[in-house]
Amino acid sequence: MPFNQQPPTLGNQYEDDRLLRSFLARVLPTEVLRDVEPSLQEMGRLSGGELYSMQLADRLNEPELTQWDAWGNRIDRIEVSPLWQLAERIAAEHGVVATAYERRHGSFSRVHQCALAYLFTPSTDIYSCPLAMTDGAAHTLLASGNQSLIDRAVPHLTTRNPAEFWTSGQWMTELTGGSDVGLSETVARQDAEGVWRLYGRKWFTSATTSQMALTLARPDGNEAGGRGLALFYLEMRDAEGHLRNIRIDRLKDKLGTRKVPTAELTLTGTPAELVCGRSNGVRNIAPMLNITRLWNGISAAALMRRSVALAVDYARKRVAFGSQLIEKPLHADTLMSLQSETEATFHFAFYVAELTGRSEMKEIREEESLLLRLLTPLMKLTTAKQAVAVASEAIEAFGGAGYVEDTGLPVLLRDAQVLPIWEGTTNVLSLDALRALGSDCQAFQVLKSEAKRSLETVRDRRLANATRVAQSALEHAESWLAQAKKNGATALETDARRFAITLGRAFELVLLIKHAQWSKDNEDDGRATAAARRFASLGIDALISQDIDDARLLLSEQ
Ligand code: MFK
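Residues numbered from 1 in each chain as written. Predicted model: local features only at pLDDT ≥ 70, side-chain atom pairs only at ≥ 80, totals over all residues. Heavy atoms only, no water.

Another aspect to go through is the packing of helix H10 (residues 329-360) against helix H11 (residues 366-396). Axis separation between H10 and H11 bottoms out at 9 Å; the angle between their running directions is 155 degrees. Regarding the angle of H10 to H11, the classification is roughly antiparallel. Note on packing geometry: the crossing formed by H10 with H11 is left-handed. Among the residues making up the contact of H10 with H11, the classes are represented as 14 nonpolar, 9 polar and 4 charged. (Axes fitted to C-alpha atoms, helices over the stretch in contact; angles between N-to-C directions. Helix = DSSP H or I, 4+ residues; strand = E, 2+ residues; numbered from the N terminus. Parallel < 35°, antiparallel > 145°, perpendicular 65-115°, else oblique. Left-handed = near helix turned anticlockwise from the far one by under 90°. Nonpolar A, V, L, I, M, F, W, Y, C, P; charged D, E, K, R; others polar.)

Next comes the structure, spelled out in structure tokens:
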């Protein structure tokens, strides 16, 4: 018999996910867990079953833009892949957005929805992108208080009926930049009927098959910068299905997320409505950013979980040098680090989901709002970096097979690589985190108190060293902050990424330790403890202050 390698396979992705089930058992009241579990079982079955099979079969399909019909009419029609078409229906029917707004379980509905998204994401080729923006748009419109837009759009964004379901775009990036959005050049002018019309180019519009979009434009005469922009709502097509003065110039040729029809657009007088006032567009679109950043973290956890699930399954099947790979101490050790990073990411993203849910239900104390504002960028930037590192290491765990396209493995790395880039790069979010600390660093104190409260519950001696590592990293971050504030803006900015990563990873370690103690007490399970212990050894404190003059010297032209 010639040798044939068994490929890695997946089971029910809910049943197989010890961490997800354990976490939900901790945070959800028993009756809520009982009520939501069938939906998670079903999504886990789809994700490990027909969606995953279809994803592998659908590998070579990509979105196509047809700009002209046979008779010379401009049509700008985008066809998405078969899996994306199915994903839209499944997402609507299973309430991957709707669950958060139906609020059957109050603030826990956000956790339930994120669990659905986490299971759905890795088998649906980043269909999570339009869903994230849809969720962000519903959240933003509800926060805007614009009742006519809420009545018009939110029922579509949050329905379970696929025939009525809308997705939303989030059009921010222009040629002037994706980070410094205040430079946007799109202008808004009122026509003779008083209708606002938008003119400009949007350089990166994700999932351009949406029915509506939230976007920024500068009303004529407004000041420069983010304050002079206004937040607009628009619908892409008229009743006959024609684009409303929007030209789709081309689809982007990207490293990853290749199933996402990301386009360059020209707005040539697109009718739009003000969402809330004629200025402060950046501030007004921020609720959307915070929701899409939450999705970014959930997606990071989901892609990491998929990478590790496949790598572990393969290690059980693959034999080399006389035994299964999983029996090899070095291979097992490598996989264990990946699992620990994954668990850390999971806890961070779901902690932000919990806080977001409570904030939406107005069950949050003022200091917790500060914490949420700080943790959202910290979580996004920390988890995105982890996802890239883990996806890279996971495909290496397959040897050459991980580098071969028809295994379906390389896409994990390509898709993970978008996570640190969109929704704010690591550096931009590090600076945002500094802003979110507040002038008197109150948010840092709230984070520290939350960490202290969590660590006080720890009694297991096996967690003592990890606890010390977390405490010491937080103390170092605090002393660095005090010193950097004295040293001035350049010192703060130079070390901002190292500070943010230190806070992010230290907070992840705190969450891991807290869950480990709970799991030991309630499930008699030591695996969460093993994850926390390992994570503590993987580098928490990244704060080594650096001199910007060295960087300037090294990068100088002469
Ligand atoms: C599956 C994963 C899901 C992902 C799907 C997404 C697909 C879509 C792809 C994209 O659209 S990617 C493009 C996303 N673009 C960004 O994330 C922009 C990145 N840049 C930033 O975040 C900058 O920090 C920012 C544009 C906000 C800086 O602009 P400004 O004009 O310098 O704003 P400034 O002065 O920092 O903030 C203006 C106001 O907004 C302030 O409030 P006030 O007016 O009251 O002072 C800020 O406090 C507030 N603000 C800013 N960011 C906020 C926020 N408020 C709450 N939360 C935030 N995150």
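Here Thr 292 lies in helix H9 (residues 281-317). Classification of Thr 292 as buried rests on a relative accessible area of 3%. Apart from residues no more than four positions distant in its own chain, Thr 292 is found in contact with Ala 132, Met 133, Gln 170 and Glu 423. (Buried < 20%, exposed > 50% of the residue type's maximum accessible area, 1.4 Å probe, protein only. Contact = heavy atoms within 4.5 Å.)

With that settled, the discussion passes to the nonpolar core. Leu 141, Leu 375 and Phe 499 are the most contacted members of the largest nonpolar core, which has 148 residues in total. Among the elements that line this core, the one with the most residues is helix H17 (residues 496-523), at 13 residues. Discounting chain neighbours no more than four positions away, the residues touching Leu 375 are Phe 348, Tyr 351, Val 352, Leu 355, Lys 380, Leu 447 and Phe 507. Counting residues in each nonpolar core, the second largest holds 29 residues, with Leu 303, Leu 335, Leu 338 and Leu 409 among its members. (Core = buried A, V, L, I, M, F, W, Y, C linked by side-chain atoms within 4.5 Å.)

Before going further, it helps to spend a moment on the site of the ligand. Contacts to the ligand come from 28 residues, most closely from Arg 227, Arg 283, Asn 290, Arg 293 and Glu 423. One of the backbone N or O atoms of Ser 179 is found 3.0 Å from a nitrogen atom in the ligand. Arg 227 is positioned with one of its side-chain polar atoms (N or O) 2.9 Å from an oxygen atom of the ligand. Protein chains bury 80% of the 1,200 Å² of accessible surface belonging to the ligand in isolation. Among the secondary structure elements, those contributing two or more residues to the shell around the ligand are helix H7 (128-144), H9 and helix H13 (426-436). For the shell around the ligand, the class distribution of residues is 10 nonpolar, 12 polar and 6 charged. (Near = heavy atom within 4 Å. Polar contact = N/O pair within 3.5 Å; in protein donor to acceptor, adjacent residues only side chain to side chain. Areas by Shrake-Rupley, 256 points an atom, 1.4 Å probe, with all protein chains shown as cover.)

Among the 8 residues of strand S6 (residues 212-219), 8 are classified as buried, and the element is accordingly described as predominantly covered. Where strand S3 (residues 168-171) meets S6, 4 bridges bridge the pair, whose relative direction is parallel. Considered in S6, the bridge of Gly 169 is made with Ala 213. Sheet analysis places S6 next to strand S7 (residues 230-235), joined by 6 bridges and oriented antiparallel. What sits directly across from Leu 216, in S7, is Leu 231. (Pairing = 2+ DSSP bridges.)

To continue, consider the packing of H10 against H17. The geometry of H10 relative to H17 is characterised by a closest axis approach of 9 Å and an angle of 95 degrees between their N-to-C directions. It follows from the interaxial angle that H10 and H17 lie roughly perpendicular. Judged by residue contacts, Ser 340, Glu 341, Glu 343, Ala 344, Thr 345, His 347, Phe 348 and Tyr 351 of H10 engage Gly 504, Arg 505, Phe 507, Glu 508, Leu 511, Leu 512, Lys 514 and His 515 from H17. Here the contact of H10 with H17 is built from residues that sort into 6 nonpolar, 5 polar and 5 charged.

Attention shifts here to unusual backbone geometry. Its identity is not glycine, yet Arg 103 carries a phi of approximately 55 degrees, on the positive side. Note that Arg 103 resides in the loop between helix H5 (98-102) and helix H6 (108-120). A positive phi angle, near 50 degrees, is found at Asp 125, a position not held by glycine. Its place among the elements puts Asp 125 in the loop between H6 and H7. The class of Asp 125 is buried, set by a relative accessible area of 8%.

A few words on the domain arrangement of the protein. Note: interface size is frequently given as the accessible area lost on complex formation between the parts. Structurally, the protein comprises domain 1 (18-138 + 285-416), domain 2 (168-284) and domain 3 (441-554). The straight-line distance from the C-alpha centre of domain 1 to that of domain 2 is 27 Å. At the boundary of domain 1 with domain 2, total buried surface from both sides reaches about 2,500 Å², with 64% on carbon and sulfur atoms. The interface formed by domain 1 and domain 2 contains 2 salt bridges. One salt bridge in this structure joins Asp 125 and Lys 259, with 3.5 Å as the shortest N-O distance. Taken together, the elements giving at least two residues each to the side of domain 1 that touches domain 2 come down to strand S1 (64-68), strand S2 (74-79), H7, H9 and helix H12 (410-416). Residues that form the side of domain 1 that touches domain 2 fall into these classes: 16 nonpolar, 4 polar and 9 charged. (Domains from an automatic or database assignment. Buried area = accessible area lost by both parts, 1.4 Å probe. Salt bridge = Lys/Arg side-chain N within 4 Å of Asp/Glu carboxyl O.)

Time to look at the pattern of salt bridges. For side chains bearing opposite charge, pairing can occur when the charged atoms are close. Evaluated as defined, the whole model comprises 37 salt bridges. With its nearest N and O atoms 2.5 Å apart, the salt bridge here joins Arg 104 to Asp 35. With Arg 104 in the loop between H5 and H6 and Asp 35 in helix H2 (residues 30-48), this residue pair connects regions lying 69 residues apart in the sequence. Since its relative accessible area comes to 61%, Arg 104 is described here as exposed. The partner of Lys 202 in a salt bridge is Glu 174, and the shortest N-O contact between them spans 2.6 Å. Taken together, the positions of Lys 202 in strand S5 (residues 196-205) and Glu 174 in the loop between S3 and strand S4 (187-190) put the pair 28 residues apart, joining distant regions of the chain. With respect to burial, Lys 202 and Glu 174 carry one shared label: buried.

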